[in-house]
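Here's the letter readout for the chains.
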Amino acid sequence: MMEWLSDVMPNIMDKLPSLQISFIETLYMLAIAGSLSVLIGLIFGVILTVTKKNHILQNIVLYTILDKILNLFRSIPFIILVSLLIYVSQAIVGTFIGPKGALVPLVFATVPFYARQIESVLAEVSDGLIEASLAMGITPIQIIIRVYLKESIPGIIRSTMTTFISLIGLIAMVGVVAGGGLGDFAIRYGFQRSQVDVIYVVVIIILCLVTIIQWIGNYFIKKYTH
Amino acid sequence: MIVLKEVRKEYTSKKKTIEALKDVSLEIQEGKIFGIIGSSGAGKSTLLRCINMLEKPTKGQIYIEGEELSGLKMKKLRLIRQKMGMIFQHFHLMNARTVEQNIAFPMKRKRKFSLFNKQKNQQETSDMYIEKRYTKKEIQAKTDSLLELVGLSDKKGMYPSQLSGGQKQRVAIARALANDPKVLLCDEATSALDPQTTISILKLLKEVNQKLGITIILITHEMEVIKEICDRVAIMEGGEIVEQGSVLEIFTHPCKQVTKDFLCATSNISKIYELLEQNSPIVHLEPGDRLVKLQYSTMNTGTSIISNISKLFSLEVNIICGTIEILQNQPVGSLVVIFKGNKEKIEEAIKALKESQVEVEVMKQ
């Protein structure tokens, strides 16, 4: 078996330990940057929704500022954002290379993307439902948690899924600027040394990762849709 | 009692100001069912929303049990709102919650450490400002009793998407009653329902009113709804209340044209005008005959007028069309009839009818 594998893809077999490290680096970035982005993006998405004109905590100034900032970061191409944020990374996590250094640009790029998706998901909660809640004398915080978020669980899961999948793409890209991970691995060996089998293996691993995320997401969407 | 004093609501856009309510004053007695009818754009929905301050009036005062609402801080306003249930045309249930969870939604759980709050509440002068809190068991018991009241005990684990329109409205009513409100506001609550379901929902509302003594304020564009359950009615047009009174008064003696139009929509009497215009053979008269509209109400109709007239004055009475409603246990009727017979006898008959307080209008002779 091992012999056959070494025959078919000779380049990958002598790099297994290094592939394993790359895989773990990708998972590390996915987990940390993903959960941070979801947390911050969810908060921003909620703020965008409730501070909009004629919404429960209308605050035009806050809305406009947040709106503009998110647009700004969303319009910067990721690879440029990475170079733009090197000093910020240095200040926050102490380095701008390696998986740790990559976290900052990943979060900066993912938060606006996720916050916008949350904003559009929450916009689907009908105004009538919010009006009914107000008529019951429910506090704004309770409306956010018990109505906006609770009613949107399937939509929130769907956008979280999409965000994680697009995050995998960003993580591969950040590899180019010494971020580590599977992308870095594929470029270094597959591209620069023309070891095509390395690319195939990386593609298969990433495909599996995406599929697993989709399975988990769809399972929960089905569970929470009534 | 609910009192509105010169409530005015204006919407200002860049170009112009729209007056949705023009100094509306209203008094609604406790324990009554008060109907507000008007066509769309008449301001009835705005008026209803002013009562629980979902719309802040531009001017004027609103008193609920003597408490003035317009100056209240949000915190106190929320407490007042908990004492006012509201139901909507499109139900507005939460799809992610079961029937049971929807009903339990407005009830607040008891705080574990409530010492501070208790003291605060005791200082309040009016019981409108005391927030009710429940233990888990109390919420369960309350939900069960509400489910029974609206007749949905067997549906408690279902989601709103599995229910029919009428059932959804029942859930909404139960939810609105969860905090033992003193007032129930109904915003076109039956407009999205078919006629039979409408009747059953109205019956439920009446039951709620009688069993729990809750004041109900409902807005609608259907006279049927008013006729079915209301004690009093106000007619709105162009942001003003043009006429109000007991349902019986309004049905028997409407003054304004809008009111008459709304009444016409519920009876088939209006058809006679079309027939007259078309000169239909149904209303063809022999010389000496008279086409007469009779309107009667209350007790004077206890005696059977038509057969009496026919016998006393030996007239042939031919009924063309008519409606008879039972309003607050009293028959109210309009009939269009043709009197055939001796000319003088007909005159005498009309006189006799007028004397027994039947309104007579000769439409064609």
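Parameters and conventions
Residues numbered from 1 in each chain as written. Chains lettered and ligands numbered in written order. Predicted model: local features only at pLDDT ≥ 70, side-chain atom pairs only at ≥ 80, totals over all residues. Heavy atoms only, no water. Domains from an automatic or database assignment. Contact = heavy atoms within 4.5 Å. Buried area = accessible area lost by both parts, 1.4 Å probe. Salt bridge = Lys/Arg side-chain N within 4 Å of Asp/Glu carboxyl O. Polar contact = N/O pair within 3.5 Å; in protein donor to acceptor, adjacent residues only side chain to side chain. Helix = DSSP H or I, 4+ residues; strand = E, 2+ residues; numbered from the N terminus. Nonpolar A, V, L, I, M, F, W, Y, C, P; charged D, E, K, R; others polar. Expected span 1.5 Å × (residues − 1). Buried < 20%, exposed > 50% of the residue type's maximum accessible area, 1.4 Å probe, protein only. Arc of directions from axis to C-beta. Pairing = 2+ DSSP bridges. 1 Å grid on protein atoms, 1.4 Å probe; cavity = no way out; pocket = protein on both sides within 12 Å on 5 of 7 lines; lining within 4 Å. Points joined across faces, edges and corners; volume = space filled by probe spheres on them. Core = buried A, V, L, I, M, F, W, Y, C linked by side-chain atoms within 4.5 Å. Axes fitted to C-alpha atoms, helices over the stretch in contact; angles between N-to-C directions.

Colleague: Please clarify how the domain arrangement of chain B should be interpreted in this entry.
Modeller: Interface extent is often summarised as the accessible area lost during association of the parts. Residues and elements named next belong to chain B. Per the domain assignment, the segments of chain B are domain 1 (2-265) and domain 2 (279-364). In this complex, domain 1 contributes 8 residues to the contact, which on the side of domain 2 involves 8 residues. At the boundary of domain 1 with domain 2, total buried surface from both sides reaches about 700 Å², with 61% on carbon and sulfur atoms. Run the count over domain 1 and domain 2 and you get 1 salt bridge. The shortest N-O distance in the salt bridge between Glu-325 and Lys-227 comes to 3.1 Å. Applying the counting criterion to the domain 1 and domain 2 interface returns 2 residue pairs in polar contact (both at pLDDT 80 or more). At 4 residues, the largest contribution of residues to the side of domain 1 that touches domain 2 is made by helix H9 (residues 247-252). Classifying every residue of the side of domain 1 that touches domain 2 gives 4 nonpolar, 2 polar and 2 charged.

Colleague: How should I be thinking about helix H13 (residues 343-355) of chain B in this particular structure?
Modeller: Residue and element names in this part refer to chain B. Over its 13 residues, H13 runs 19 Å from end to end, which matches the ideal 18 Å to within 8%, given 1.5 Å per residue. By the burial criterion, the buried members of H13 are Ile-346, Ala-349, Ile-350 and Leu-353. The buried side chains of H13 occupy one side of the element, clustering within an arc of 100° when seen end-on. Facing away from the buried side of H13, by more than 90 degrees, are the exposed residues Glu-344, Lys-351 and Glu-355. At its buried positions, H13 is contacted by strand S11 (290-297), helix H12 (305-312), strand S13 (330-340) and strand S14 (359-364). The N-capping residue of H13, defined by a side-chain oxygen 2.8 Å from the backbone nitrogen of Glu-344, is Asn-342. One or two steps after H13, the chain reaches Gln-357, where phi turns positive at roughly 60°.

Colleague: Any chance you could explain the pairing of strand S1 (residues 2-12) of chain B here in plain terms?
Modeller: Sheet faces and side chains relate simply in a regular strand, where the side chains alternate between the two faces. Residues and elements named next belong to chain B. Across 5 bridges, S1 lies against strand S4 (residues 59-64) in antiparallel orientation. Within the sheet, the bridge partner assigned to Val-3 lies in S4 and is Tyr-63. In the sheet, S1 pairs with strand S2 (residues 17-28) via 8 bridges, with the strands oriented antiparallel. Looking at S2, one finds that Val-3 is bridged to Glu-27. Taking the residues that link successive antiparallel strands as the turn, the S1-S2 hairpin has 4 residues.

Colleague: In this structure, what is going on with empty space enclosed by the protein? I would like to understand it.
Modeller: Empty space among the atoms becomes apparent when a probe as large as a water molecule is rolled across them. All told, the structure shown has 4 cavities of 30 Å³ or more when counted by the stated rule. One number sums up the size of the largest cavity: a volume of about 120 Å³. Mapped onto the lining of the largest cavity, the elements with two or more residues apiece are helix H8 (127-135) of chain A together with helix H2 (74-82), strand S6 (84-87) and helix H6 (165-176) of chain B. Broken down by class, the residue content of the lining of the largest cavity amounts to 9 nonpolar, 3 polar and 2 charged.

Colleague: What is the right way to look at the pattern of salt bridges in this model?
Modeller: A side chain of one charge can pair with a side chain of the opposite charge if their charged atoms are brought near each other. Residue and element names in this part refer to chain B. In this structure the tally under the stated criterion is 26 salt bridges over all chains. As a salt-bridge pair, Lys-59 and Asp-23 come within 3.5 Å of each other at their nearest N and O atoms. Of the two residues, Lys-59 sits in strand S4 while Asp-23 sits in strand S2, which places them 36 residues apart along the sequence. With a relative accessible area of 40%, Lys-59 lands in the partly exposed category. Asp-23 sits in the partly exposed class, given a relative accessible area of 32%. The partner of Lys-108 in a salt bridge is Glu-131, and the shortest N-O contact between them spans 3.6 Å. You can see Lys-108 sitting in the loop between helix H3 (99-104) and helix H4 (115-122) and its partner Glu-131 sitting in the loop between H4 and helix H5 (136-149), a full 23 residues away along the chain.

Colleague: Looking at this structure, how should I read unusual backbone geometry?
Modeller: What is expected of a backbone is that most residues other than glycine have negative phi and most peptide bonds are trans. All names here are of chain B. We note that Asp-23 has phi near 45°; this positive angle belongs to a residue other than glycine. Look at Glu-65: it is not a glycine, yet its phi comes out positive at around 50°. Assignment of secondary structure puts Glu-65 in the loop between S4 and strand S5 (67-68).

Colleague: Even after reading the chapter, I still don't get the nonpolar core, so can you show me in this structure?
Modeller: Looking at soluble globular proteins, one finds that nonpolar side chains tend to be buried together. One finds Leu106(A) and Ile217(B) to be the most contacted residues of the largest nonpolar core, which totals 80 residues. If you tally residues by element for this core, the top one is helix H7 (residues 98-122) of chain A, at 10 residues. Among the nonpolar cores identified, the runner-up in size contains 52 residues, and Ala174(B), Cys186(B), Leu202(B) and Ile226(B) belong to it.

Colleague: Quick question: what am I supposed to make of the sheet that holds S2(B) here?
Modeller: Two orientations exist for strands paired in a sheet by backbone hydrogen bonds: parallel and antiparallel. Pairing is antiparallel in the open sheet, where 4 strands are placed in the order S2-S1-S4-S5 (chain B). The open sheet is flanked by S2 and S5 of chain B, the only strands paired with a single partner.

Colleague: Got a minute to help me understand the interface of chain A and chain B in this structure?
Modeller: Of the residues lining the interface, 18 residues belong to chain A; the matching set on chain B comes to 21 residues. Counting the surface lost from both chain A and chain B, the interface buries some 1900 Å², and carbon and sulfur atoms represent 59% of this. Summed over the shared surface of chain A and chain B, the result is 1 salt bridge. Glu131(A) is paired through a salt bridge with Arg49(B); the nearest N and O atoms lie 2.6 Å apart. Our count for the chain A to chain B interface comes out at 8 residue pairs in polar contact (both at pLDDT 80 or more). Residue assignment for the side of chain A that touches chain B shows that the elements contributing at least two residues are H8 and helix H9 (140-151) of chain A. Among the elements that make up the side of chain A that touches chain B, the one with the highest residue count is H8(A) (7 residues). Counted by class, the side of chain A that touches chain B contains 8 nonpolar, 6 polar and 4 charged residues.

Colleague: How do you make sense of the sheet that holds strand S9 (residues 232-237) of chain B when you look at a structure like this?
Modeller: Residue and element names in this part refer to chain B. Taken together, 6 strands build an open sheet; the order of strands is S6-S7-S8-S3-S9-S10 and the sheet is mixed. The sheet terminates laterally at S6 and strand S10 (240-246), the two strands that pair on one side only. On average, adjacent strands in this sheet sit at an angle of 15° to one another, irrespective of strand direction. For strand S3 (residues 33-37) and strand S8 (residues 215-220), the ladder comprises 5 bridges, and the chain directions are parallel. The residue bridging Ile-37 from the neighbouring strand is Thr-220, located in S8.

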